[in-house]
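# Per-entry structural report
Here are the chains, one letter per residue:
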Amino acid sequence: MHSFPLFKNVEDYFSNLDVYSKVVKNNYMFHSEMYGILKNYIEKELSNKPFKLLDLGSGNAFFMTQVLENSKVESYTAYDLSKESLEEAKTNLDIVKCKKEFLVKDLSKEFLESPALNKYDLIWSSFALHHLSLDDKKRFFKKCFDSLEEEGCFILVDIINEKGSREEWFNVYKSGVYKNWSALTVEDKNYVCDHVYNFDYPESVSVIRDIANEAGFSKQKELFKKDLYLCIEFKR
Ligand SMILES: C[S@@+](CC[C@H](N)C(=O)[O-])C[C@H]1O[C@@H](n2cnc3c(N)ncnc32)[C@H](O)[C@@H]1O
């Protein structure tokens, strides 16, 4: 049975950027591969025209900065609950010259509730969707669909649960963290597992595909899948 101390809320966890930075730096969640895929997509599909990018659950945009440097990005809009992460994102993205917006907003509230006024050529969301309820995930996909230009693309990166039961999935996740994430201290590992236990509600690939299909995304392409990690592309 799980018995770590509880966090108050999800933004408290992501405000402790030290632990998450260690996870990212050691590529435990395949950030390098995921953002490599994004860079590739931009170079292949968006190298000839200025494009508008929406980043949902951006964090501190450390990798995003490297992806956007030397691209034709016209505007970058980031949503995140964590003010601290968005402050870092602002600093990181200083070298990228384009119109920028950093919105401290909840993806399950303001993002879903406001009308889709702006249209984007590319929507990217990495490791944020699993924080939403199933119902909000459905609304999230619909909102992404409505926020895309006709030829636009939504690329989702997230953790997945192919186990069915959340308890079973959590145990697999937890043993992976304790066994393989060796750059983390035991306290760091407790911290990560505590967050995951309290806030992470990943879906299976087939549920994600069904939700996307219902929202109107008829073209779907799996770009990366390893262990508990997925990257998938959605188009109209
Ligand atoms: C695991 S981090 C991922 C950050 C970044 N996209 C990356 O790939 O490293 C998840 C991010 O989603 C944000 N987040 C979680 N739930 C959210 C919500 N309901 N609304 C907005 N942001 C949220 C967190 O603050 C955090 O910065």
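Residues numbered from 1 in each chain as written. Predicted model: local features only at pLDDT ≥ 70, side-chain atom pairs only at ≥ 80, totals over all residues.

## Thoughts on the overall build of the chain
Scanning the chain from terminus to terminus reveals 10 helices and 7 strands. Over its C-alpha atoms the chain spans a radius of gyration of 17 Å, differing by no more than 12% from the 18 Å that the globule rule assigns to 236 residues. Each principal axis of the C-alpha distribution contributes one length, and for the chain these read about 50 × 40 × 30 Å. The proportion of buried residues among the 236 residues of the chain is 33%. (Helix = DSSP H or I, 4+ residues; strand = E, 2+ residues; numbered from the N terminus. Rg over C-alpha atoms; globule rule 2.2 N^0.38 Å. Buried ≥ 20, exposed ≤ 12 C-beta atoms within 10 Å, placed from the backbone.)

## Notes on the nonpolar core
Within the largest apolar cluster, 48 residues are counted, with the highest numbers of intra-cluster contacts made by Leu 53, Ile 123 and Phe 154. In terms of residues, this core owes the most to one element, strand S5 (residues 148–159), which gives 6 residues. Excluding anything up to four places from it in sequence, Leu 53 contacts Val 73, Ser 75, Tyr 76, Tyr 120, Leu 122 and Trp 124. (Core = buried A, V, L, I, M, F, W, Y, C linked by C-beta atoms within 7 Å. Contact = placed C-beta atoms within 7 Å.)

## Quick notes on the packing of helix H8 (residues 166–180) against helix H9 (residues 186–199)
For the pair H8 and H9, interaxial distance at closest approach is 10 Å and the crossing angle is 165°. By the angle between their axes, H8 is roughly antiparallel relative to H9. Every pair of crossing elements has a handedness; the one defined by H8 and H9 is right-handed. Residue-level contacts link Phe 170, Tyr 173, Lys 174, Val 177 and Tyr 178 of H8 to Lys 189, Val 192, Cys 193, Val 196 and Tyr 197 of H9. Of the residues assigned to the contact of H8 with H9, the class counts are 8 nonpolar, no polar and 2 charged. (Axes fitted to C-alpha atoms, helices over the stretch in contact; angles between N-to-C directions. Parallel < 35°, antiparallel > 145°, perpendicular 65-115°, else oblique. Left-handed = near helix turned anticlockwise from the far one by under 90°. Nonpolar A, V, L, I, M, F, W, Y, C, P; charged D, E, K, R; others polar.)

## Regarding the site of the ligand
Around the ligand sit 20 residues in total, of which Gly 57, Gly 59, Leu 107, Ser 126 and Phe 127 are the nearest. Listing elements by their share of the shell around the ligand, those giving two or more residues are helix H1 (10–15) and strand S2 (73–80). Counting residues per element, the shell around the ligand draws most heavily on H1, at 3 residues. (Near = placed C-beta within 6 Å.)

## Digging into the pairing of strand S7 (residues 229–235)
Relative to S7, S5 runs antiparallel, the two sharing 6 bridges. Within S7, the position partnered with Phe 154 by the bridge is Phe 234. Examined bridge by bridge, strand S6 (residues 219–226) and S7 share 7 bridges and lie antiparallel to one another. By the bridge assignment, Gln 220 is partnered in S7 with Phe 234. Connecting the antiparallel pair S6 and S7 is a turn made up of 2 residues, with Asp 227 showing a positive phi of about 50°. (Pairing = 2+ DSSP bridges.)

## Describing the confidence of the model for the chain
Confidence in the prediction for the chain averages 93 pLDDT; 93% of positions are at 70 or higher. Contacts of residues 1–8 to residues separated by more than four positions or lying in other chains number 12 contacts, the stretch itself having pLDDT below 50. (pLDDT = per-residue confidence, 0-100.)

## Considerations on helix H7 (residues 134–146)
In a regular helix each residue adds 1.5 Å, so 13 residues correspond to 18 Å; H7 covers 19 Å between its end C-alpha atoms and thus fits that length. Taken as a whole, H7 has its buried residues at Lys 137, Phe 140, Phe 141, Lys 143, Cys 144 and Phe 145. (Expected span 1.5 Å × (residues − 1).)

## Things to note about H9
With 14 residues, H9 should reach 20 Å at 1.5 Å per residue; the first-to-last C-alpha distance of 20 Å fits that figure. Listing the buried residues of H9 in full gives Tyr 191, Val 192 and Val 196. Seen from one end, H9 has its buried residues packed into an arc of 130°, which puts them on one side. Exposed residues pointing more than 90 degrees away from the buried face of H9 are listed as Val 186 and Glu 187. (Arc of directions from axis to C-beta.)

## As for unusual backbone geometry
Although it is not a glycine, Asn 27 adopts a positive phi angle of roughly 60°. Inspection of the secondary structure assignment puts Asn 27 in the loop between helix H2 (17–25) and helix H3 (31–45). Although it is not a glycine, Phe 30 adopts a positive phi angle of roughly 60°. Within the fold, Phe 30 resides in the loop between H2 and H3.

## Remarks on the environment of Lys 219
Its place among the elements puts Lys 219 in strand S6. Residue class for Lys 219 comes out exposed when judged on the 10 C-beta atoms lying within 10 Å of it. Along the backbone, Lys 219 and Glu 233 are 14 residues apart, and their C-alpha atoms lie at a distance of 8.0 Å. Among residues more than four places away in sequence, those in contact with Lys 219 are Lys 235 and Arg 236.

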